[in-house]
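# Chains, contacts and geometry: an overview
Each chain, letter by letter, is given below.
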Amino acid sequence: MIRPYLGRRPRLGARVWVDPSAQVIGDVTIGDDASVWPLVAIRGDVNHVRIGARTNVQDNSVLHVTHDGPYSPGGAALTIGDDVTVGHGVILHACDIGHRCLIGMGATVMDKVRIDDEVFVAAGSLVPPGKHLKSGWLYRGAPAQPVRELDAAEREQLQYSAHHYVRLKNHYLDDDAHG
């Protein structure tokens, strides 16, 4: 379901696929060729959400923001770059994720976290508020810590994962178009 909140309507780029069971609400922009999978909740109600091109948000993930208030002056938006894979059951809350990242299944990324380009966050990790994850590293744990630098094959895998989901969502779009 794609629906407005206080007059702000989600904006979808070209060839975006949103599963009918997903909820996309309010000030949300989703880039070209992105995909939102079953039972995802994306709430751009008290701040905005920006999702880049060819990014996939997988089943049961929750994406939200922080409002402007006395304990969070200015609030915090959620920004996800291009070619990002957000694994199953991930929570992203008011953070900034660069391009070509993979956020593993069940990971939680908290307020005002900044993740540079080409970062792999391992499944089940917890990235605490305000942390900065540097480009080219694998992070794991609760709290997430740098484990090692990514090798060339792992960096290629980040791009492969995003492109695989573009191909997959295209099959869904074709099925939808042909009833």
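Residues numbered from 1 in each chain as written. Predicted model: local features only at pLDDT ≥ 70, side-chain atom pairs only at ≥ 80, totals over all residues. Heavy atoms only, no water.

You'll find the chain entered in an unreviewed UniProt entry as Carbonic anhydrase/acetyltransferase-like protein (Isoleucine patch superfamily), with Sinimarinibacterium flocculans given as the organism.

What the rule picks out here adds up to 11 salt bridges. Across the pair Asp33 and Arg15 runs a salt bridge, and its minimum N-O distance is 2.9 Å. Pair noted here: Asp33 is in the loop between β4 (23–30) and β5 (35–36) and Arg15 is in the loop between β2 (11–12) and β3 (17–18), with a separation of 18 residues, a long-range link. Residue classification places Asp33 among the buried positions, given a relative accessible area of 14%. For Arg15, a relative accessible area of 47% puts it in the partly exposed group. Between Arg155 and Glu118 there is a salt bridge, with the nearest N and O atoms lying 2.4 Å from each other. You can see Arg155 sitting in helix α1 (residues 152–177) and its partner Glu118 sitting in the loop between β15 (114–115) and β16 (120–121), a full 37 residues away along the chain. (Salt bridge = Lys/Arg side-chain N within 4 Å of Asp/Glu carboxyl O. Helix = DSSP H or I, 4+ residues; strand = E, 2+ residues; numbered from the N terminus. Buried < 20%, exposed > 50% of the residue type's maximum accessible area, 1.4 Å probe, protein only.)

When you line up the elements, Thr55 lands in the loop between β6 (41–51) and β7 (56–57). Separated by 2.7 Å, the side chain of Thr55 and the backbone oxygen of Gly81 make a polar contact. Leaving out residues up to four positions away in the same chain, Thr55 has contacts with Ala34, Ser35, Ile80, Gly81, Asp82, Asp83 and Val84. (Polar contact = N/O pair within 3.5 Å; in protein donor to acceptor, adjacent residues only side chain to side chain. Contact = heavy atoms within 4.5 Å.)

Judged by how many residues are buried, β4 sits mostly within the fold: six of eight residues are covered. Alignment of strand β1 (residues 2–3) against β4, held across two bridges, turns out to be parallel. The partner of Ile2 across the bridge, within β4, is Val24. In this sheet, β4 lies alongside β2 in parallel orientation, the contact comprising two bridges. Looking at the pairing, Leu12 lines up with Ile30 of β4. In this structure, β4 lies alongside β6, joined through seven bridges in parallel fashion. The residue bridging Thr29 from the neighbouring strand is Arg50, located in β6. (Pairing = 2+ DSSP bridges.)

This next bit is on the packing of aromatic side chains. For the coordinates displayed, the defined rule picks out four aromatic pairs. The interplanar angle of 55° and the centroid separation of 4.6 Å between the aromatic rings of Trp17 and Trp37 together place this pair among those described as tilted. Residue Trp17 is located in strand β3, and its partner Trp37 is located in the loop between β5 and β6; the two are separated by 20 residues in the primary sequence. For the pair shown, Trp17 and Trp37 are each scored as buried. (Phe/Tyr/Trp six-rings, centres within 6.5 Å; stacked < 30°, edge-to-face > 60°.)

Attention now moves to the side chain of Asp19. Of note, Asp19 is situated in the loop between β3 and β4. Buried within the structure, Asp19 lacks any salt-bridge partner; its nearest side chain of opposite charge belongs to Lys169, at an N-O separation of 14 Å. Within the local environment of Asp19, its side chain forms a polar contact with the side chain of Ser21, the two groups lying 2.6 Å apart. With sequence-adjacent residues up to four places away left out, Asp19 is seen in contact with Val36, Trp37 and Pro38. (Lys, Arg positive; Asp, Glu negative; His and termini not counted.)

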